[in-house]
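Chain and residue survey
The lines below spell out each chain.
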Amino acid sequence: MSGVEWTFIKIVIGMLLILGFIAFNAILLGYGERKISGFIQGRLGPYAVGPHGSLQMMVDMVKLMTKQIITPKKADGFLFWTAPILSFMSVPVLFMVIPFSPSFTVINSGLGIVIILAFSGLNVLALCIGGLGSNNKWSLLGAARAVSQFIAFEVPILLVVLSITLMTGTLSLSEIISKQGGFPWQWNIVLQPIAFVIMFVASLAEMNRVPFDLPEGESELTAGYSTEYGGMGFGLFVLAEYTHIVVASSVITTLFLGGWKGPVFSGIWWFLLKMYILCFIILWIRWAFPRVRFDQLLNLSWKYLIPAGIFNLLATALLVKLF
Amino acid sequence: MATITKEIKEILKGIKSLFVGMKITGKYMIKPKVTVNYPWKTVGKEALEGFRMVIQLVPVPANGKSHKCIACGMCARSCPSNCIKLDVKQTVEEIELPDGKKKKKVNKNLEGFYVDFSLCSVCGLCVEVCPTKTLTFSNYPYIVGTTRNDFVYNILEDFNKRYGKE
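Residues numbered from 1 in each chain as written. Chains lettered and ligands numbered in written order. Predicted model: local features only at pLDDT ≥ 70, side-chain atom pairs only at ≥ 80, totals over all residues. Heavy atoms only, no water.

So, the interface of chain A and chain B
Taken together, the contacts link 16 residues of chain A with 15 residues of chain B. For the chain A and chain B pair, buried surface summed over both sides reaches about 1400 Å², with 75% attributable to carbon and sulfur atoms. For the chain A face of the interface with chain B, the top three residues by lost area are Leu44, Trp284 and Phe289 of chain A, together amounting to 34%. Scanning the region where chain A abuts chain B turns up three residue pairs in polar contact (both at pLDDT 80 or more). Take the side of chain A that touches chain B: its biggest share by element is six residues, from helix 11 (residues 268–288) of chain A. Its residues assigned to classes, the side of chain A that touches chain B shows 14 nonpolar, one polar and one charged. (Contact = heavy atoms within 4.5 Å. Buried area = accessible area lost by both parts, 1.4 Å probe. Polar contact = N/O pair within 3.5 Å; in protein donor to acceptor, adjacent residues only side chain to side chain. Helix = DSSP H or I, 4+ residues; strand = E, 2+ residues; numbered from the N terminus. Nonpolar A, V, L, I, M, F, W, Y, C, P; charged D, E, K, R; others polar.)

The following block contains the structure:
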């Protein structure tokens, strides 16, 4: 076989594995979210389907898939149905470049982090046209909030990624990992603690998680951009949201926590362990903090995270030049 | 300068509060749960202590078979939602007093004690007003019904069934 064919086959197999991984993670995180919320509130969480309710999400998926698809009368049908598809479409590409382990990378791109930043940006476009096409005031407000929130928090993420890139001298995710060691004190988080905090907070805001879930804020906007969606349209949004949690955790693991490297037996399990711990913290945060106000949200980005990011970038540049 | 230090203090306080929130929720996450997995498990008797359900008649402690209800109707009159209906059979008999005079005596016999629980607001006025202290709340919470009449209880009949009179 020639090289081109082999690459093609590899991409198809990788794509199938990634789709399975996305579905698995959506089920796992959905179940985890409901269990964690139950535990924190002193409840048991889902318990009826399967042992300890572990098959609850399967049943929910069947319900979502078999629901009737309804388009509101005055909605723009094309935009309305492009949005969830677009939201989910960009998601598998994100996993293509994430190096789970040296051999478990679909595309070992030299521009991995750029691809992730570019394609995760498509999600906000989906939210925007979904909110616009719904012809509903809550959806429109949610979409407007999503866009302004995304623009505000994309800047600190770029600044952070830039300082990591300056330090390691590469945009390739696997090379960033290979420049870190196996032990915690060899990870980038020790050299870039401010960057880690900025990245974590900004990632939470980028994927519209609590405490920054203003685009869908239940108490104010019913469900924001997804108000008019039901059945699998809504399901695709949820699937994309959960996948964005996994991708954000993977990127933070790659950039700051040494990726697949561990003190002993480096491999994919270290990557998955770190990734799921981060996912768990993100789910935990949802039930710990109240939602911020919109001006507080924008202040956090423009007044604190971006100046801190610029300072961090300049300091990194100076230190890289000196040593 | 003072404002900057104030600002920094604010920020540090905010960051500390985040960890406090995480700590509290984390503690609750590993605490034993207060709810039970209901249709398969139910709470114990001690958890239902003080729970108010439909009123019931109390047996006399001496024999444990009869109640002391005198069918005075105070409970029905005090009920704000009018959910208590008493079925009282009055019989009049003439009795002779020791001094030879004859007097009419009214005997009130309780035939049925109906409580419409779908109207009851479990306020407890009937329990408080009862002159012979023969009413109390029951605490069996698992009731279900398909019609309104399922919640009209004849608590006298229930009493007789339970304590085996007649």
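Let's pick the thread back up.
Notes on the domain arrangement of chain B
If you check the domain split of chain B, you get domain 1 (1–31) and domain 2 (45–163). Each of domain 1 of chain B and domain 2 of chain B has a C-alpha centre, and these two points are 58 Å apart. (Domains from an automatic or database assignment.)

Looking at the state of the cysteines
All names here are of chain B. Tallying each qualifying case throughout the model produces zero disulfides over all chains. Cys75 forms no disulfide, and the closest cysteine sulfur to it belongs to Cys72, at a distance of 6.1 Å. For Cys130, which is in no disulfide, the shortest distance to another cysteine sulfur is to Cys72 and amounts to 6.3 Å. (Disulfide = S-S within 2.5 Å.)

Some remarks on the packing of aromatic side chains
What the rule picks out here adds up to 17 aromatic pairs over all chains. With a centroid separation of 5.6 Å and 85° between ring planes, the pair formed by Tyr140 of chain B and Tyr142 of chain B is classed as edge-to-face. Residue Tyr140 of chain B is classed as exposed on the basis of its relative accessible area of 54%. Members of the aromatic cluster, connected to one another through ring pairs, are Phe80, Trp81, Tyr225, Tyr229 and Phe237 of chain A. Directly above the ring of Tyr28 of chain B sits Lys31 of chain B, whose terminal nitrogen or CZ lies 4.3 Å from the centroid. (Phe/Tyr/Trp six-rings, centres within 6.5 Å; stacked < 30°, edge-to-face > 60°. Buried < 20%, exposed > 50% of the residue type's maximum accessible area, 1.4 Å probe, protein only. Lys NZ or Arg CZ within 6 Å of the ring centre and 35° of its normal.)

Quick look at the pairing of strand 3 (residues 102–116) of chain B
All names here are of chain B. Bridging between strand 2 (residues 84–96) and strand 3 involves 13 bridges; their strand directions are antiparallel. Note on strand 3: the bridge partner recorded for Leu86 is Phe113. As consecutive antiparallel partners, strand 2 and strand 3 are separated by five residues, and within that stretch Gly100 has a phi angle of approximately 95°, a positive value. Looking at chain direction, strand 3 and strand 5 (residues 152–154) are connected through three bridges and run antiparallel. Bridging across to strand 5, Asp116 finds its partner in Val152. (Pairing = 2+ DSSP bridges.)

So, the pattern of salt bridges
Residues and elements named next belong to chain A. What the rule picks out here adds up to seven salt bridges over all chains. Between Arg286 and Glu33 there is a salt bridge, with its nearest N and O atoms 3.3 Å apart. Taken together, the residues span a long stretch of sequence, with Arg286 in helix 11 and Glu33 in helix 1 (residues 3–40) at a distance of 253 residues. Accessibility expressed as a relative area gives 21% for Arg286, which makes it partly exposed. Measuring nitrogen to oxygen at the nearest pair gives 3.2 Å for the salt bridge that ties Glu241 to Arg209. Of this pair, Glu241 sits in helix 10 (residues 231–256) while Arg209 sits in the loop between helix 8 (193–206) and helix 9 (218–221), and the two are 32 residues apart along the sequence. This pair shows no difference in class: Glu241 is buried, exactly as Arg209 is. Shared partners join several salt bridges into a network, and the residues in it are Glu33, Arg209, Glu241 and Arg286. (Salt bridge = Lys/Arg side-chain N within 4 Å of Asp/Glu carboxyl O.)

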